[in-house]
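Secondary and tertiary structure notes
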Amino acid sequence: MKELIETLTTGLNGKILLGVIVFILFVYLPYLLISLRRRKKKQVVFEQNNKDTIKVYLELDFIGTLTVYSINGKKPTPFYEPTRRGFFLFQGESTIGVKYHWARISPIRITGYKNFNIEPREITVHVEKGKTYSLGYNIDEDKYEFKEMNG
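Presented here is a report on the structure given in the accompanying data block. Note that the structure is predicted; figures quoted are calculated from it, not measured. (Residues numbered from 1 in each chain as written. Predicted model: local features only at pLDDT ≥ 70, side-chain atom pairs only at ≥ 80, totals over all residues. Heavy atoms only, no water.)

1. Notes on the packing of aromatic side chains
Per the counting criterion, the structure on display carries 10 aromatic pairs. Here the aromatic rings of Tyr 57 and Phe 79 are separated by 5.1 Å at their centres, their planes lie at 90°, and the arrangement is edge-to-face. Of the two residues, Tyr 57 is situated in strand β1 (residues 53–58) and Phe 79 in strand β3 (residues 78–80); the sequence distance between them amounts to 22 residues. A residue is classified by how much of its surface remains accessible, and Tyr 57, at 11% relative accessible area, is buried. Owing to a relative accessible area of 0%, Phe 79 belongs among the buried residues under this scheme. Centroid distance Phe 79 to Phe 88: 5.1 Å. Interplanar angle 50°. Geometry classified as tilted. Aromatic ring contacts, followed pair by pair, group Phe 46, Tyr 57, Phe 79, Phe 88 and Phe 90 into a single cluster. Here the guanidinium or amino end of Arg 39 rests over the ring plane of Tyr 80, the centre of that ring lying 3.6 Å away. (Phe/Tyr/Trp six-rings, centres within 6.5 Å; stacked < 30°, edge-to-face > 60°. Helix = DSSP H or I, 4+ residues; strand = E, 2+ residues; numbered from the N terminus. Buried < 20%, exposed > 50% of the residue type's maximum accessible area, 1.4 Å probe, protein only. Lys NZ or Arg CZ within 6 Å of the ring centre and 35° of its normal.)

Put into structure tokens, the structure is as follows:
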């Protein structure tokens, strides 16, 4: 272990490691913090200007990735909270463009994973003011589930 640390911190390897650390500290972290601050500011401004919007949370999913790519033919307006994310809808009927992707470990494939992509679909939903909703995908039933959240 001592030899590994010495190899990583001396000579060319040490210079590369120092360069990576400097890049992360002085370029990437400030960029990340500024981006997160801008994203939060845009969300607050949108919520203040559109008080009649309804939040739709994406269900927590540890298997795959649910992507909302359009709402009524336009780019969705996302929101982010510390533990959840979702998008905004306006009261009434909306058409949501969604797609889903997941991967499973496959012992017979060279890559080790078998990818599954559900073709993009459009679902029509109706939302009411003062309520919150969730959107998820049920792999077993091959359908998107849009439901009202309690509380």
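On we go.
2. Let's talk about the packing of helix α1 (residues 2–9) against helix α2 (residues 11–49)
Packed helix pairs are specified by the crossing angle of their axes together with the interaxial distance, meaning the distance between the axes. Taken N-terminus to C-terminus, the directions of α1 and α2 make an angle of 75°; their axes are 5 Å apart at the nearest point. Considered as vectors, α1 and α2 are oriented roughly perpendicular to each other. Side by side, α1 and α2 meet where Thr 7, Leu 8 and Thr 9 of the first sit next to Gly 11, Asn 13, Gly 14 and Leu 17 of the second. A per-class count over the contact of α1 with α2 returns two nonpolar, five polar and no charged. (Axes fitted to C-alpha atoms, helices over the stretch in contact; angles between N-to-C directions. Parallel < 35°, antiparallel > 145°, perpendicular 65-115°, else oblique. Contact = heavy atoms within 4.5 Å. Nonpolar A, V, L, I, M, F, W, Y, C, P; charged D, E, K, R; others polar.)

Such coordinate-based values are descriptive only and should not be taken to indicate function.
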